[in-house]
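Below are the chains, spelled out letter by letter.
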Protein chains: 2
Amino acid sequence: MKWDALEEEPCSLARTVAVIGDRWSLLILRECFLRIRRFDDFQSSLGVTRHLLADRLKKLVRFGVLRKIPYQDAPKRYEYILTQKGLDLYPIIMSIVHWGNIHMVDSRGRPLLHEHKNCHKMFDPVMVCSECGEPLTAKAVHVHPGPGARRTIA
Amino acid sequence: MKWDALEEEPCSLARTVAVIGDRWSLLILRECFLRIRRFDDFQSSLGVTRHLLADRLKKLVRFGVLRKIPYQDAPKRYEYILTQKGLDLYPIIMSIVHWGNIHMVDSRGRPLLHEHKNCHKMFDPVMVCSECGEPLTAKAVHVHPGPGARRTIA
DNA sequence: ATTGACAGTTCTAAAATAGAACTTTAGGAT
DNA sequence: ATCCTAAAGTTCTATTTTAGAACTGTCAAT
């Protein structure tokens, strides 16, 4: 299966994976949320090759996750900032970070702590149901075909 | 940078990406949450090559996300089921699905709908602060170095 | 004895990635 | 005028990963 085929699948996970489902895209997005915006800053903080960085930035712009904004005129230079579509990736990034915090830390503990500006406390992200507000678990969810489901073959 | 190097980074996102940060691992996990458990079922529902499927399943077992459970004796056969560590990936999977539902659906709408068994309603996942319960946004979060932070070079 | 299911393994060709060097545009120092 | 530096890429070759198909081994059923 080729990468482009993923975008066409009748599956919201597959289509999202087509956008962010590779290692460098996710690491680039991490940097974006940490306020990194410029090519060389991405390159030096990530250690990604310039070739791949250029490729992934182009792809993220194409998908509308990042936007190029000029920050100087001569020579013309741009920085990459998150669009609203990109900002909406925050729950994905945070849930990835949280899983790593729980399951992948070494003896020294968490690399980063997160403070919520609303309540001024260090927090963890919790995923809840939009309707009843209870925390979600896989076992408490039942899946139904939606309007965009693939029609059954037989 | 090599894949193994990711696991050593002082970053919970990078370490998680070392486990699930590739296209097939994420798609395999989707199937796991949809109750797929056996090699040939993964293979036919995903269209992944058998080679890569075997490789990824091995890796997910090695990281403790899946476990092989015998389901028949002659010949010895196993199925792959999510461990607690694997079940804890649910918020990641759901937030990926949700982003796709919002930003990647075509005119036909969502491929799947999710019903919460607690409240019997179709829901969306919402990420909230563990301390105050308010929905989280990137702009409302401030990051601090934690105990496992990389010491500054200079 | 032959066929089929299941769970892989092996093989070659094609694609993606790593790593380093090179290019372009322009400002400032000598 | 010439050289040096900065930023943002682009180009090149070698290595690694992936795709796609065929093959292997174990056992049950016919």
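That block above? That's the structure.
Keep in mind that what you see is a predicted model, and the values were worked out from it rather than measured. (Residues numbered from 1 in each chain as written. Chains lettered and ligands numbered in written order. Predicted model: local features only at pLDDT ≥ 70, side-chain atom pairs only at ≥ 80, totals over all residues. Heavy atoms only, no water.)

Draft legend 1. Main features of the pairing of strand 2 (residues 77–82) of chain A. Examined bridge by bridge, strand 1 (residues 66–72) of chain A and strand 2 of chain A share six bridges and lie antiparallel to one another. Directly across from Ile69(A), in strand 2 of chain A, lies its bridge partner Glu79(A). (Pairing = 2+ DSSP bridges. Helix = DSSP H or I, 4+ residues; strand = E, 2+ residues; numbered from the N terminus.)

Draft legend 2. Just the protein's contact with DNA strand D, in detail. As a matter of local geometry, DNA strand D sits amid 21 residues, with Met1(A), Arg50(A), Tyr71(A), Arg77(A) and Tyr80(A) nearest to it. The separation between a base nitrogen of DNA strand D and a polar side-chain atom of His51(A) is 3.3 Å. At a separation of 3.1 Å, a phosphate oxygen of DNA strand D approaches a polar side-chain atom of Arg23(B). Listing elements by their share of the surface near DNA strand D, those giving two or more residues are helix 4 (39–46), helix 5 (50–62), strand 1 and strand 2 of chain A together with helix 3 (23–33) and helix 5 (50–62) of chain B. Taken together, the residues of the surface near DNA strand D break down into nine nonpolar, two polar and ten charged. (Near = heavy atom within 4 Å. Polar contact = N/O pair within 3.5 Å; in protein donor to acceptor, adjacent residues only side chain to side chain. Nonpolar A, V, L, I, M, F, W, Y, C, P; charged D, E, K, R; others polar.)

Draft legend 3. How the structure looks around the relation of the copies chain A and chain B. Mapping chain A onto chain B leaves a residual RMSD of 0.0 Å; the transformation is a rotation of 180° accompanied by 0.0 Å of translation along its axis. What we have between these two chains is a two-fold relation. Looking at the interface residues of chain A, 100% of them are also at the interface in chain B, so both copies use one shared face. (Least-squares fit on C-alpha atoms with pLDDT ≥ 70 in both. Contact = heavy atoms within 4.5 Å.)

Draft legend 4. Inspection of the interface of chain A and chain B at higher detail. Each partner contributes to the interface: chain A provides 88 residues, whereas chain B provides 88 residues. Between chain A and chain B, the buried area comes to about 8,100 Å², and carbon and sulfur atoms account for 66% of it. Scanning the region where chain A abuts chain B turns up two salt bridges. There are 39 residue pairs in polar contact (both at pLDDT 80 or more) connecting chain A and chain B. The element that contributes the greatest number of residues to the side of chain A that touches chain B is helix 7 (residues 90–103) of chain A, accounting for twelve residues. (Buried area = accessible area lost by both parts, 1.4 Å probe. Salt bridge = Lys/Arg side-chain N within 4 Å of Asp/Glu carboxyl O.)

Draft legend 5. Focus on the packing of aromatic side chains. The tally for this structure, following the rule as stated, stands at two aromatic pairs over all chains. Both rings, one in Phe33(B) and one in Tyr90(B), keep their centres 5.2 Å apart while their planes meet at 50°; by these two values the pair is tilted. With Phe33(B) in helix 3 and Tyr90(B) in helix 7 (residues 90–103), this pair connects stretches of sequence that are 57 residues apart. Look at Tyr90(B) and you get buried, because its relative accessible area is 6%. Positioned above the aromatic ring of Tyr71(A) is the side chain of Arg38(A), whose terminal nitrogen or guanidinium carbon lies 3.5 Å from the ring centre. (Phe/Tyr/Trp six-rings, centres within 6.5 Å; stacked < 30°, edge-to-face > 60°. Buried < 20%, exposed > 50% of the residue type's maximum accessible area, 1.4 Å probe, protein only. Lys NZ or Arg CZ within 6 Å of the ring centre and 35° of its normal.)

Draft legend 6. Just the state of the cysteines, in detail. Across all of its chains, the model carries zero disulfides over all chains by this definition. In this structure Cys32(B) is not part of a disulfide, and its nearest cysteine sulfur, from Cys11(A), lies 14 Å away. Exposure remark for Cys32(B): the relative accessible area of 9% places this residue in the buried category. (Disulfide = S-S within 2.5 Å.)

Draft legend 7. Quick peek at the sheet that holds strand 3 (residues 112–116) of chain B. Across the sheet, three strands lie side by side as 6(A)-3(B)-4(B); this open sheet has antiparallel pairing. The sheet is open, and its two borders are formed by strand 6 (141–145) of chain A together with strand 4 (121–122) of chain B, each paired with just one other strand. Of the strand pairs in this sheet, strand 3 of chain B and strand 4 of chain B are connected by two bridges, and their pairing is antiparallel. Residue pairing for strand 4 of chain B: Glu115(B) is matched across the bridge by Met122(B).

Draft legend 8. Looking closely at helix 3 (residues 23–33) of chain A. All names here are of chain A. Across the eleven residues that make up helix 3, a large majority, eleven, are buried. Of the positions making up helix 3, those classed as buried are Arg 23, Trp 24, Ser 25, Leu 26, Leu 27, Ile 28, Leu 29, Arg 30, Glu 31, Cys 32 and Phe 33. Of the residues flanking the end of helix 3, it is Arg 35, one or two places downstream, whose phi is positive at about 75°.

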